[in-house]
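# Working through the structure, step by step
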Amino acid sequence: MAAAIGSLPSPSPTADPSIPASATLGRHLARRLAEVGARDVFTVPGDFNLTLLDELEAEQPSGGGVRLVGCCNELNAAYAADGYARAGRGVGACAVTFTVGGLSAINAVAGAFSENLPLVCVVGGPNSNDYGSNRVLHHTIGLPDFTQELRCFQNVTCYQAVVNNLEDAHEQIDTAISTALKESKPVYISISCNLPSIPHPTFSRHPVPFFLSPRLSNQMSLEAAVEAAAAFLNKSVKPVLVGGPKMRVAKACKAFVELADASGYPVAVMPSAKGLVPEHHSRFIGTYWGAVSTAFCAEIVESADAYLFAGPIFNDYSSVGYSLLIKKEKAIIVQPDRVVIGNGPAFGCILMKDFFHALASRIKKNTTAYENYSRIFVPQGEPLSSEPGEPLRVNVLFKHVQKMLSGNSAVIAETGDSWFNCQKLKLPEGCGYEFQMQYGSIGWSVGATLGYAQAAKDKRVISFIGDGSFQVTAQEVSTMIRWGQNNIIFLINNAGYTIEVEIHDGPYNIIKNWNYTGVVEAFHNGEGKCYTAKVRTEEELNKAIAASLGPNKDCLCFIEVIVHKDDTSKELLEWGSRVSAANSRPPNPQ
């Protein structure tokens, strides 16, 4: 039988003694990942990727390579890579096995795609000789076609490389990683299981460093957009600025603050942009989220006669069931490479950060809207005091959480009521904040906490996870303990899927209650550092927080907070009813 193109037998490792033993595909991949910031690779072994893992392991971090962080399953490994990419290290990476591993990871990869995160998903693929052989392999759906996994990943990655020969492997790997960086999206790399350890001259110990050509704005388009935007804003009476989530991918957060300083406008953020704008800014007015906005924020934004939205995503969740009182003709919408002013004109080929920087010098200072905000603002009240022994309320919990935060903290909020409660936290300067609003995959935060903490060694991660979400991905807490992380996890046990209850209730929203602290203690099993507490009252909460910040500051701290099943934020009640109304709209007449 003739060999398929690209599947010719590879040379023997001893064919050319002049090639260093370290010049292998696997070790080249390790060096490339480390070069772009992925010093940790989250892995799950399988027979197709074992040799690849050997080679990745051989290229140690001290020598410019990577460290393998073994995870409990592939979904969690990819969630961890997502969290790692968020922590400012440039890119996240996971390595799994063919099809059964890749399709398990794909949900998390899709989430990273939706959130514009650079993630490299590496899959150990079939032996190169099996391509085109008409053979049926294990870990597949039983057909001699090996492209099922590839075809699935084509929908959730910006580039796919199937490496089944050594001749162009270097080029394929480099193109994939550089595309992830340029597009700030996930990529897929499949590597035949018999190739990673074979020395080849293209994998020299010191390859040419990555050089990515910088993207530039079209100067004529930029000048025209700035002139039109300045005219639009300078004639307005009470303009405002609203930051959106795509400021991250545009790397425009500093330029946005520069514009805010120059303009004098009040500054709000969309909920999915929390943490991208410093909340200690003198004119920060909170989260704009329609009917569930920070107090007095929506009134200022929606009454403005002009608003600039920086990198917004208007979906049914961020628009509270499409109920925002925003008019297109009053808005300047700035996307990472495009500016639209009112109902037109639109300007393309403009980088967001360049636009903000140029606009800052053309804008007239106007503090009218912020002065209005200052006149109407009334500080939020403190929660009612708890009686001794009274069951703990969620608003009391977050009163104490607020006091825990510092510039050395990072908050991770799971999908659910934690979205709304964490949104109300005032972030100190330097405090990180992450949640997954666009994709909203429950269970994301457990893996993301592992990955974020592995990258951000200078911060203590504080995560807020509902009991329903925790049951999806709980086992990755054992990996946190194994790697000596000192995260603080607040497990909010309110007996079910509370966010779903508020959208549409039913018996399917009730889950089996676990002894959550007992589960974590079983994960600990006497190995590593771990502290657990089960709290039902404010007094017990105070003791647990004091223990986690004091004698157990170097431990993984897991605090199960037991609250009433109907103890939700008022924002969730409002948001849930509006999203429910949007979901239940009847079909349009045909």
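Quantities reported herein were computed from a predicted structural model and do not represent experimental measurements.

### Considerations on the overall build of the chain
When its secondary structure is counted, the chain shows 21 helices and 19 strands. In terms of C-alpha radius of gyration, the chain reaches 26 Å, essentially the compact-globule figure of 25 Å for 590 residues. Considering the chain as a whole, with its 590 residues, one finds that 56% of them fall into the buried category. For the chain, restricting intrachain contacts to residue pairs at least 6 apart in sequence, the fraction spanning at least 24 positions comes to 77%. Here the chain has roughly 24,100 Å² of accessible surface; of this, 54% comes from carbon and sulfur atoms. For the chain, the separation between the mean place of its 49 positive charges and that of its 56 negative charges on side chains is 6 Å.

### Thoughts on the pattern of salt bridges
Counted according to the given criterion, the structure contains 16 salt bridges. Its salt-bridge partner being Arg86, residue Asp82 comes within 2.6 Å of it at the nearest N-O pair. Within this pair, Asp82 and its partner Arg86 are both found in helix 3 (residues 74–89), separated by four residues, close to a single helical turn. The pair formed by Asp82 and Arg86 is uniform in burial state, with each residue classed as buried.

### Brief notes about the environment of Ile462
Inspection of the secondary structure assignment puts Ile462 in strand 16 (residues 460–466). With relative accessibility at 3%, the residue Ile462 sits in the buried group. C-alpha separation for the pair Ile462 and Tyr288, spaced 174 residues apart in sequence, amounts to 24 Å. In this structure Ile462 touches Met404, Leu405, Ser409, Ala410, Val411, Ile412, Ile488 and Phe490, once residues within four positions along its chain are discounted.

### What about the environment of Ile191?
Along the chain, the position of Ile191 falls in strand 6 (residues 187–192). You can call Ile191 buried: its relative accessible area is 1%. C-alpha separation for the pair Ile191 and Asn164, spaced 27 residues apart in sequence, amounts to 6.3 Å. Excluding residues within four positions of it along the chain, Ile191 makes contact with Leu25, Leu29, Leu52, Val122, Val123, Gly124, Gly125, Val163 and Pro196.

### With respect to the side chain of Glu434
Mapped onto the elements of the fold, Glu434 is located in strand 15 (residues 432–435). Given the relative accessible area of 6%, Glu434 is considered buried. Separated by 2.8 Å, the side chains of Glu434 and Arg86 make a polar contact. At a separation of 2.7 Å, a polar atom in the side chain of Glu434 contacts the side chain of Arg248. For Glu434, the contacting residues outside a window of four places in its chain are Arg86, Arg248, Val411, Ile412, Ala413, Trp444 and Tyr452.

### So, the sheet that holds strand 3 (residues 92–97)
Strand order across the open sheet formed by six strands is 2-1-3-4-6-5, with parallel pairing between neighbours. The two strands at the open ends of the sheet, each matched to only one other strand, are strand 2 (67–70) and strand 5 (160–163). The mean angle between the axes of side-by-side strands here comes to 20°, regardless of whether they run parallel or antiparallel. Relative to strand 2, strand 1 (residues 40–43) runs parallel, the two sharing four bridges. Bridge pairing links Val41 to Leu68 in strand 2. Sheet contacts for helix 4 (residues 102–114): strand 3 and strand 4 (119–125); angle to strand 4, the most-contacted strand, approximately 165°.

### Examining the pairing of strand 10 (residues 306–310)
With five of five residues buried, strand 10 is to be regarded as a mostly interior element. Bridge count for strand 10 against strand 11 (residues 331–335) is four bridges, and the pairing is parallel. The partner of Leu308 across the bridge, within strand 11, is Ile332.

### With respect to unusual backbone geometry
The omega torsion across Gly344 and Pro345 is 10°, close enough to zero to call that bond cis. Looking at the element boundaries, Pro345 is found in the loop between strand 12 (338–341) and strand 13 (346–348). At Thr99, a position not held by glycine, the phi torsion is positive, near 60°. Here Thr99 lies in the loop between strand 3 and helix 4. With a phi close to 50°, Ser184 is a non-glycine residue in the positive phi region. Structurally, Ser184 is set in the loop between helix 6 (169–183) and strand 6. Residue Ser184 is classed as buried on the basis of its relative accessible area, which comes to 9%.

### Quick notes on the packing of helix 7 (residues 219–234) against helix 11 (residues 352–360)
Axis separation between helix 7 and helix 11 bottoms out at 10 Å; the angle between their running directions is 55°. The orientation of helix 7 relative to helix 11 falls into the category oblique. Along this stretch, helix 7 crosses helix 11, giving a crossing that reads as right-handed. Of the residues in helix 11, those touching helix 7 at Leu222, Ala225, Val226, Ala229, Ala230 and Leu233 are Asp354, Phe355, Ala358 and Leu359. When the residues that make up the contact of helix 7 with helix 11 are grouped by side-chain class, the tally is nine nonpolar, no polar and one charged.

### Thoughts on the sheet that holds strand 18 (residues 530–535)
Strand order in the open sheet formed by six strands is 15-14-16-17-19-18, and the pairing between neighbours is parallel. With one partner strand each, in any of the chains shown, strand 15 and strand 18 form the two edges of the open sheet. Adjacent strand axes in the sheet meet at a mean angle of 15° when their direction is disregarded. Bridge count between strand 14 (residues 409–413) and strand 16: five bridges; the pairing is parallel. Bridge pairing in strand 16 places Val411 opposite Ile462. Running at roughly 170° to strand 17 (residues 488–493), helix 13 (residues 394–404) makes contact with strand 14, strand 16, strand 17 and strand 19 (556–562) of the sheet.

### Concerning the nonpolar core
Counting residues in hydrophobic clusters, the biggest one holds 100 residues, and the most contacted among them are Phe42, Phe398, Phe470, Val477, Phe490 and Trp575. Examining the composition of this core, we find that eight residues originate from one element, helix 3, more than from any other. Those residues in contact with Phe490 that sit more than four places away from it in its chain are Leu397, Val401, Met404, Ile462, Ser463, Phe464, Ile465, Leu541, Ile545, Ile559 and Val561. One finds Tyr265, Val269, Val334 and Ile363 within the second-largest nonpolar core, a separate group that totals 37 residues.

Procedures and definitions
- Residues numbered from 1 in each chain as written.
- Predicted model: local features only at pLDDT ≥ 70, side-chain atom pairs only at ≥ 80, totals over all residues.
- Heavy atoms only, no water.
- Helix = DSSP H or I, 4+ residues; strand = E, 2+ residues; numbered from the N terminus.
- Rg over C-alpha atoms; globule rule 2.2 N^0.38 Å.
- Buried < 20%, exposed > 50% of the residue type's maximum accessible area, 1.4 Å probe, protein only.
- Contact = heavy atoms within 4.5 Å.
- Areas by Shrake-Rupley, 256 points an atom, 1.4 Å probe, with all protein chains shown as cover.
- Lys, Arg positive; Asp, Glu negative; His and termini not counted.
- Charge placed at Lys NZ, Arg CZ, Asp CG, Glu CD.
- Salt bridge = Lys/Arg side-chain N within 4 Å of Asp/Glu carboxyl O.
- Polar contact = N/O pair within 3.5 Å; in protein donor to acceptor, adjacent residues only side chain to side chain.
- Pairing = 2+ DSSP bridges.
- Axes fitted to C-alpha atoms, helices over the stretch in contact; angles between N-to-C directions.
- Parallel < 35°, antiparallel > 145°, perpendicular 65-115°, else oblique.
- Left-handed = near helix turned anticlockwise from the far one by under 90°.
- Nonpolar A, V, L, I, M, F, W, Y, C, P; charged D, E, K, R; others polar.
- Core = buried A, V, L, I, M, F, W, Y, C linked by side-chain atoms within 4.5 Å.

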